[in-house]
Amino acid sequence: MIIIGFCNLKGGVGKTTACQNMAAALAKMGKRIAVVDMDPQSNLSAGFGLNLSPEDPQVFDLLTGRASWDDIMQTKEDVDVIPSSLSLVMAELNQEGPLSSDFVLRDALSKVDSDRYDYIFLDSPPQLGIFTRNVLAASKSIIVPMDGGFYSLVGLRLLSSALPVLSERLNPELHISGILMTNYNPRLSISREVHDEVKKSFADVLFESWIRPNVSIVEASSMGISILKHSPKSKGAQCYNEVAAELLRKMNDSADNTSDTAEEIVDVVVEIENDSDMHDKVSEPENDPNTESPESPKPPEPPKPIDVVVDPPDPPDIHTITDSRPYERRIKQDIIDMLPEKEKTYWVRMLNPVIDITRGQIDIHELRDDFEESDRDRYTFYVLNDEYNTLWPVMYPDQIIDPLRCVIKWDETGSAEVFM
């Protein structure tokens, strides 16, 4: 059983998407695989179509010993998923709680039968907090996804410079086994420069395959399924099949079906060349080894209907605030209306019990001062801005940044101050 962490200290680089789709690709290749969502933002769980209620068992219960692996695990697309939820945030805020150690995940995984899986993937948050350190302590190696932007290169450099210290403190065997370019468009000069810079320093671990920009991948994530299920003949699916096959080679995996997988990938490529769809038209530069032969322009075709099995719709009132007081109900509903669809149910349940809620104007400097001076055992701050399109817990004052749409100062006694 090989445990691989997915890490980058820069968010928005396709880390969680890569973790999900590589897992789904390996599962289709016959590998026994599980994923563990160690990010309180729970994007990996949502990517597999899991939206937990507060009472559902999740990774926090595994780490604290309250529930076993099989109690929590849910299987999606032949991948065993240990989901997460925003309640994991509270555990991180409790410095003296059961998750104050960097090794609780490693200890929990040690109880999983080593013959049960070929691979376990661990998804981590985009900062070096307690959950990322747990991922690094539990992993044999890490994969660093990064897009073609400059800031993802900064995240890679921060992680690689911290790796010697982390290896000494957490895990002597820890190393980078792969750097994966995601959303990579070699037509853009900045993308090529970033790729060349990575290749200079990390040529031995840089994946030869990459993930090209692909609308179908974005669509799949929004639908709670992998690209392999949403559009198995798309170029996005082809990319992840190629990356998964390359990972097997990197890991010296000599299972009998690896050669069959390669043949399947070739078949997929041939089918794509004969039946490309409008989502996947990305031009590649000449003489690039991964570039397909240019095709004559074709008129765009209407999208084909997608046969996807979805869960039954939520009840009509699932996003409804039940507060009987007009002023308080309006504040709560304004918060819910700003959130993405997948977060609404959770925050309705969080906000409905709040007894006292008030509204104020956003002043970043005052909010940062308030955060630094507040009792952390009593108050939790959440921010909603363009960087995190959800209510994200504040760990440091610098996370209260523009463009800022909403801040909630959450009082554990049952009240809240809302700034919009």
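Up top is the structure.
In short, a report on the structure. Here the structure is a predicted model, which is why all the values come from computation and not from measurement.

### Points about the overall build of the protein chain
Along the backbone of the protein chain there are 16 helices and 12 strands. Burial status across the protein chain gives 54% buried among its 420 residues. Put simply, 74% of the contacts in the protein chain that link residues at least 6 apart link residues at least 24 apart. Total accessible area computed for the protein chain in this model is approximately 19,800 Å², and 49% of it derives from carbon and sulfur atoms.

### Here we look at the state of the cysteines
Tallied over the entire structure, the rule returns zero disulfides. Free cysteine Cys19: the closest other cysteine sulfur is in Cys7, separated by 9.9 Å. The exposure class of Cys19 is buried, given its relative accessible area of 0%.

### Some remarks on unusual backbone geometry
Asp402 connects to Pro403 through a cis peptide bond whose omega is -5°. Within the secondary structure, Pro403 sits in the loop between β10 (392-393) and β11 (404-411). With a phi close to 55°, Glu77 is a non-glycine residue in the positive phi region. Position of Glu77 among the secondary structure elements: in the loop between β3 (74-76) and β4 (79-82). Although it is not a glycine, Asp78 adopts a positive phi angle of roughly 65°. Structurally, Asp78 is set in the loop between β3 and β4. Given a relative accessible area of 61%, Asp78 falls into the exposed group.

### Topic: a negative patch on the surface
A grouping of Asp363, Glu366, Asp369, Glu372, Glu373 and Asp398 is seen on the molecular surface, where their side chains present a negatively charged patch. Examined against the element boundaries, Glu373 turns out to sit in helix α16 (residues 364-373). The class for Glu373 is exposed, based on a relative accessible area of 66%.

### Description of the sheet that holds β4
Read across the open sheet, the seven strands follow the order β3-β4-β2-β5-β1-β6-β7; overall the sheet is mixed. In this open sheet, the two edge strands, each paired with only one partner strand, are β3 and β7 (176-181). Each strand of the sheet is rotated relative to its neighbour by a mean of 25°, with strand direction disregarded. Bridge analysis of β3 against β4 gives three bridges, and the strand direction is antiparallel. Bridge assignment links Gln74 to a residue of β4, and that residue is Val81.

### Some remarks on α16
Among the residues of α16, those classed as buried are Ile364, Leu367 and Phe371. The buried residues of α16 all sit within an arc of 65° when viewed along its axis, so they share a single face. Exposed residues on α16 whose side chains face more than 90 degrees from its buried face are His365, Glu366, Glu372 and Glu373. Tucked into the core, α16 has its buried residues touching β9 (379-385), β11 and β12 (415-419). A distance of 3.2 Å separates the backbone nitrogen of His365 from a side-chain oxygen at the start of α16, and that oxygen is part of Asp363.

### Some thoughts on the pairing of β7
Burial of β7 is extensive: six of the six residues sit out of reach of the surface. Sheet topology note: the strand β6 (residues 141-146)/β7 ladder contains five bridges and is parallel. Bridge assignment links Met146 to a residue of β7, and that residue is Met181. Between the parallel elements β6 and β7, the chain passes through helix α8 (residues 150-169) in a crossover that is right-handed.

### Examining helix α15 (residues 341-351)
Within α15, eight of the 11 residues are buried, which leaves the element mostly enclosed by the surrounding structure. Every buried residue belonging to α15 is among Glu343, Lys344, Thr345, Tyr346, Trp347, Val348, Met350 and Leu351, and all of these are buried. Each element contacted by the buried residues of α15 is listed here: α14 (326-338), β9 and β11.

### Looking at the side chain of Asp37
Here Asp37 lies in strand β2 (residues 33-37). Within polar-contact distance, the side chain of Asp37 engages the backbone nitrogen of Asp39 at 3.1 Å. Discounting chain neighbours no more than four positions away, the residues touching Asp37 are Ser42, Asn43, Leu44, Ser45, Val59, Ile82, Pro83, Ser84 and Asp123.

### Some thoughts on the environment of Gln20
Its location among the elements puts Gln20 in helix α1 (residues 15-28). The spacing of Gln20 and Ile225 is 205 residues in sequence and 8.9 Å in space, taken between C-alpha atoms. Of the polar contacts made by the side chain of Gln20, one reaches the backbone oxygen of Ile225; its length is 3.3 Å.

Cut-offs and rules
Residues numbered from 1 in each chain as written. Predicted model: local features only at pLDDT ≥ 70, side-chain atom pairs only at ≥ 80, totals over all residues. Heavy atoms only, no water. Helix = DSSP H or I, 4+ residues; strand = E, 2+ residues; numbered from the N terminus. Buried < 20%, exposed > 50% of the residue type's maximum accessible area, 1.4 Å probe, protein only. Contact = heavy atoms within 4.5 Å. Areas by Shrake-Rupley, 256 points an atom, 1.4 Å probe, with all protein chains shown as cover. Disulfide = S-S within 2.5 Å. Patch = residues over 30% accessible without salt bridge, like charges linked within 9 Å, V, L, I, M, F, W, Y side chains within 5 Å. Salt bridge = Lys/Arg side-chain N within 4 Å of Asp/Glu carboxyl O. Lys, Arg positive; Asp, Glu negative; His and termini not counted. Charge placed at Lys NZ, Arg CZ, Asp CG, Glu CD. Pairing = 2+ DSSP bridges. Axes fitted to C-alpha atoms, helices over the stretch in contact; angles between N-to-C directions. Arc of directions from axis to C-beta. Polar contact = N/O pair within 3.5 Å; in protein donor to acceptor, adjacent residues only side chain to side chain. Right-handed = clockwise from strand over helix to strand, strands pointing away.

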